[in-house]
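Understanding the architecture of this molecule
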Amino acid sequence: MSGAVDISHETIQTVYHHQQGPEGSIINIDNFNLWYGDKQALFNNRLDIQKGLVTALIGPSGCGKSTLLRSLNRMNDLIEGLRTAGGISLDNQDIFDRNVDVISLRKRMGMVFQKPNPFPMSIADNVTYPLKVDGVRDRTVLSETVERTLKGAALWDEVKDRLKESALGLSGGQQQRLCIARAIAAEPDVLLMDEPCSALDPMATIKIEDLIAELRGKYTIVIVTHNMQQAARVSDNTAFMYLGSIVEYGLTETIFTKPRSQKTQDYVTGRFG
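The following refers to the structure shown.

Conventions adopted
- Starting from 1, residues in each chain are numbered consecutively following that chain's sequence as written.
- pLDDT decides what is reported in this predicted model: residues at 70 or higher carry local features, side-chain atom pairs at 80 or more are listed and counted, and totals for whole chains, interfaces and linings draw on all residues regardless.
- As a convention, hydrogens and water are excluded, and side-chain values are obtained from all of the structure's heavy atoms.
- Segments assigned H or I by DSSP are reported as helices when at least four residues long, segments assigned E as strands when at least two residues long, and all are numbered from the N terminus.
- Radius of gyration means the value over C-alpha atoms here, while the globule rule gives 2.2 Å times the residue count to the 0.38 power.
- Using a 1.4 Å probe on the protein chains alone, a residue whose accessible area is under 20% of its type maximum counts as buried, one over 50% counts as exposed, and one in between counts as partly exposed.
- Should any heavy atoms of two residues lie within 4.5 Å, those residues are considered in contact.
- One requirement defines pairing of two strands: DSSP has to find at least two bridges between them.
- The term polar contact refers here to a pair of N or O atoms within 3.5 Å; inside protein, the definition further demands a hydrogen-donor-capable atom paired with an acceptor-capable atom, and it admits residues adjacent in sequence only when both atoms are side-chain atoms.
- For Phe, Tyr and Trp, where Trp contributes only its six-membered ring, two rings pair if their centres lie within 6.5 Å, and the inter-plane angle classes them as stacked under 30 degrees, edge-to-face over 60, or tilted in between.

Description of the overall build of the protein
- Looking only at helices and strands, the protein features ten helices and twelve strands.
- The globule rule puts the C-alpha radius of gyration for 273 residues at 19 Å, and the 19 Å found for the protein is close to it.
- For the protein, the spread of C-alpha atoms along the three principal axes comes to 60 × 40 × 35 Å.
- In the protein, buried positions account for 52% of the 273 residues.
- When contacts within the protein are restricted to residue pairs at least 6 apart in sequence, those whose partners lie at least 24 apart make up 69%.

Structure follows, in structure tokens:
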């Protein structure tokens with residue numbers, strides 16, 4: 001793929017390298033643009049996100065990483081004055097098609113936010129909330145889901161004797177892993193993570209990174225991070241964004257060690273950002 005983007009009187013030629021992805025792509029972004037009112041935030045982005053792998057979106061603050069991430073499950077729809085052009089597809093289905101059920105789409109793309117956001121209810125009820133919204137009442141199913149997802153989020157051993165206690169009593173790192181458990185309870189295809197470690201201490205960050213490594217393969221993961229070392233540690237493929245556009249995309253190792261764009265080179269070597 002190749003593409004040119006005109007931003008603020010500057011043309012950026014997007015560089016696409018080989019990406020790791022033996023199962024092919026699950027999300028395809030094609031010339032995607034987004035406006036907040038009269039202000040354009042995303043410019044002609046093209047990206048194929050590979051199934052079962054971890055893709056990192058990196059770039060300086062305000063470059064459009066979170067905006068692009070939130071476009072994948074249409075979280076941005078909630079913003080007044082939002083307008084888009086171009087396409088995003090999940091398993092070859094246009095997510096903006098008028099027949100798409102947005103609630104179902106968001107179930108297929110679980111979201112983990114920058115700050116842990118457990119609900120003010122018990123640990124167990126947090127996990128089973130997505131199922132109960134769908135009308136699941138079978139206690140055996142709910143109980144099995146709690147154990148399965150908390151184990152999947154590497155949290156079971158820490159909370160198995162506290163399931164009826166408030167989730168708000170957990171540490172920040174535990175709350176974030178609980179939010180991941182809640183996200184995977186609905187058995188999504190994709191996990192979207194928007195700076196999931198930015199509010200956590202180093203030890204909690206390590207646990208989240210270990211968890212991402214364990215979930216790799218079971219889910220397609222797209223992570224926005226300001227931490228380039230984190231992107232290098234956890235991701236298979238990396239996209240560098242600047243001024244609302246993808247500048248370069250490919251294998252994480254390539255982006256960090258052999259980028260072809262001078263802007264990418266400057267960013268990963270710490271010259272700006």
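Now, onward.
Regarding the pairing of strand E5 (residues 54-58)
- In terms of burial, E5 is largely enclosed, as five of its five residues are buried.
- Here E5 shows no split at all, with Val54, Ala56 and Ile58 on one side and Thr55 and Leu57 on the other all buried.
- Strand direction decides the pairing type here: E5 and strand E10 (residues 220-224), joined by four bridges, are parallel. Each bridged residue has a counterpart across the sheet, and for Ala56 the counterpart in E10 is Ile223.
- Pairing of E5 with strand E11 (residues 237-242) involves four bridges; the strand directions are parallel. Bridged to Ala56 within E11 is Thr238.

Remarks on the side chain of Thr205
- Within the element layout of this structure, Thr205 appears in helix H7 (residues 202-215).
- Those residues in contact with Thr205 that sit more than four places away from it in its chain are Cys197, Leu200 and Gln230.

Side note on helix H3 (residues 123-133)
- Those residues of H3 that fall on the buried side of the exposure criterion are Ile123, Ala124, Asn126, Val127, Thr128 and Leu131.
- Contacts made by the buried residues of H3 are with helix H4 (139-152), helix H5 (156-159) and helix H6 (172-185).
- Phi turns positive, to about 90°, at Gly135, one or two residues after H3.

Looking at the environment of Asn45
- Within the secondary structure, Asn45 sits in strand E4 (residues 39-50).
- A sequence separation of 23 residues divides Asn45 from Leu68, and the C-alpha atoms of the two residues are 8.9 Å apart.
- Beyond its immediate chain neighbours, meaning those up to four positions away, Asn45 contacts Ile29, Asp30, Asn31, Phe32, Met241, Gly244, Ser245 and Ile246.
- A polar contact of 2.7 Å, which involves the side chain of Asn45, links it to the backbone nitrogen of Ile246.

Points about the packing of aromatic side chains
- According to the stated counting rule, one finds three aromatic pairs in the structure shown.
- Between Phe119 and Tyr129, the ring centres sit 4.9 Å apart and the planes meet at 65°, which makes this aromatic pair edge-to-face. Placement of the pair is Phe119 in the loop between strand E8 (109-112) and H3 and Tyr129 in helix H3, with a sequence separation of ten residues.
- Residue Phe119 is classed as partly exposed on the basis of its relative accessible area, which comes to 25%.
- With a relative accessible area of 37%, Tyr129 lands in the partly exposed category.
- A centroid spacing of 5.0 Å and a plane angle of 25° characterise the contact between Phe240 and Tyr267, whose relative ring orientation is stacked. Pair noted here: Phe240 is in strand E11 and Tyr267 is in helix H10 (residues 262-268), with a separation of 27 residues, a long-range link.

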